[in-house]
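Descriptive structure summary
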Amino acid sequence: MQTRKLGNGGLEVSALGLGCMGLSFGYGPATDKQQAIALMRSAVEQGVTFFDTAEIYGPFTNEALVGEALAPVRDHVVIATKFGFALPQPEGKQVLNSRPEHIRQAVEGSLKRLNIETIDLLYQHRVDPNVPIEDVAGTVKALIREGKVKHFGLSEAGAETVRRAHAVQPVAALQSEYSLWWREPEQDILPTLEELGIGFVPFSPLGKGFLTGAINENTTFDSSDFRNIVPRFSAQARKANQRLVDVLGQIARQKGVTPAQIALAWLLAQKPWIVPIPGTTKHHRLTENLGAAEVVLATGELSSIEEALAAIEVQGARYPAHLQKNVGR
């Protein structure tokens, strides 16, 4: 697989990474441990060098899983993890904590669970309004000096916060949601990143599964599935948004590929410093997703996609209100 550079600090990764959250957390019951390890190792065999986890996934269990799976290939992969939440989280709430002492505590825990000496890319998971971003960036800068972290990242941060952090410690990558059905980053985020030389890592590049065409208004989710509380996944919204999937399917058939591959190829075509991290628990979906790196969309095809999407207004918020308040700060 081709590689891409995130930021100006020499961080080079595969053009597509693997989001590992869903193996342990968020989308129903955790995947069987050995199956999850086999999936990650299959990703490595297919050229993936970029793996994304976080202490809150589980919590803690996903980092341990990723660490065990990648131990045999540690020198050939880039592992990204995140800090920024008070753990354990109160039921139904999202409590942030990016105080310097908590960041250090989180990093020590992540190093231990991942069984590594250095975190390749350390993100602040959500911006903490109670801690100046300069203090956060300064703490990570010190951790980089100490050899515990290699690169600094932010997740779901607003453009002004990115600028302030970058002035203290260069930011290698911003991770936020971006896909054919969530294009808000195009307004302020992408121009800011381009100006500052920062990479972009879209999570949920397949719209939490919706853009694959495998979900419709009649789909039911496990009781522990995060999508049950996402307004965009109400039955009514799914019915309204089906038109987007139908258009993707039509374009995919003309190209001889799948809707998921079109959605990922579209992201890759936007900027050379964008690295999507689709997640999956299934081997055939992994192979399908990674195949998108070989799909080249011509200028005319990109224009056709743009034209078709311009006529569709996606329905439903991407987060419930209590989670939405913590993004874009």
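Residues numbered from 1 in each chain as written. Predicted model: local features only at pLDDT ≥ 70, side-chain atom pairs only at ≥ 80, totals over all residues. Heavy atoms only, no water.

Counting 84 residues, the largest nonpolar core has L18, M40, F51, L154 and F200 as the members making the most contacts within it. The element best represented in this core is helix α8 (residues 259–270), accounting for eight residues. Apart from residues lying up to four places away in sequence, L18 is in contact with L39, M40, A43, V48, F50, F51, D52, I277, P278, G279, T280 and L286. Listed in part, the 17 residues of the second largest apolar core include V13, L121, A172 and V275. (Core = buried A, V, L, I, M, F, W, Y, C linked by side-chain atoms within 4.5 Å. Buried < 20%, exposed > 50% of the residue type's maximum accessible area, 1.4 Å probe, protein only. Helix = DSSP H or I, 4+ residues; strand = E, 2+ residues; numbered from the N terminus. Contact = heavy atoms within 4.5 Å.)

A separate point is the sheet that holds strand β6 (residues 119–124). Read from one edge to the other, the open sheet built from seven strands follows the order β3-β4-β5-β6-β7-β8-β9, with strand pairing classed as parallel. A single partner strand is all that each edge strand has here, and the edge strands are β3 (18–19) and β9 (199–203). (Pairing = 2+ DSSP bridges.)

Note the cis peptide between G58 and P59, where omega equals -5 degrees. One can find P59 in the loop between β4 (50–52) and α2 (61–70). With an omega of 0 degrees, the peptide bond running from L87 to P88 counts as cis. Examined against the element boundaries, P88 turns out to sit in the loop between β5 (78–83) and α3 (100–114).

The next point concerns the UniProt feature "domain: NADP-dependent oxidoreductase" (unreviewed entry) in the protein chain. Under the present numbering, the feature "domain: NADP-dependent oxidoreductase" (unreviewed entry) in UniProt falls on residues 16–309. From the first C-alpha to the last, residues 16–309 spans 24 Å; its make-up is 41% helix and 12% strand. (UniProt positions renumbered as here; feature names shortened; annotations may be inferred.)

Scanning the entire structure with this criterion turns up 20 salt bridges. Residues E195 and R163 are paired through a salt bridge, measuring 2.6 Å at the closest nitrogen-oxygen approach. Here E195, found in helix α6 (residues 189–196), pairs with R163, found in helix α5 (residues 159–168); they are 32 residues apart in sequence, far enough to count as distant. In this structure E195 comes out as exposed when scored by relative accessible area, which is 53%. K208 is the salt-bridge partner of E177, the closest N and O atoms lying 3.1 Å from each other. Of the two residues, E177 is situated in strand β8 (residues 171–177) and K208 in the loop between β9 and α7 (235–255); the sequence distance between them amounts to 31 residues. (Salt bridge = Lys/Arg side-chain N within 4 Å of Asp/Glu carboxyl O.)

Two elements in contact, α8 and helix α10 (residues 299–310), have axes whose closest approach is 12 Å; the angle formed by their N-to-C orientations is 110 degrees. It follows from the interaxial angle that α8 and α10 lie roughly perpendicular. Every pair of crossing elements has a handedness; the one defined by α8 and α10 is left-handed. Where α8 abuts α10, its residues I262, W266, A269 and Q270 lie against L302, I305 and E306. A per-class count over the contact of α8 with α10 returns five nonpolar, one polar and one charged. (Axes fitted to C-alpha atoms, helices over the stretch in contact; angles between N-to-C directions. Parallel < 35°, antiparallel > 145°, perpendicular 65-115°, else oblique. Left-handed = near helix turned anticlockwise from the far one by under 90°. Nonpolar A, V, L, I, M, F, W, Y, C, P; charged D, E, K, R; others polar.)

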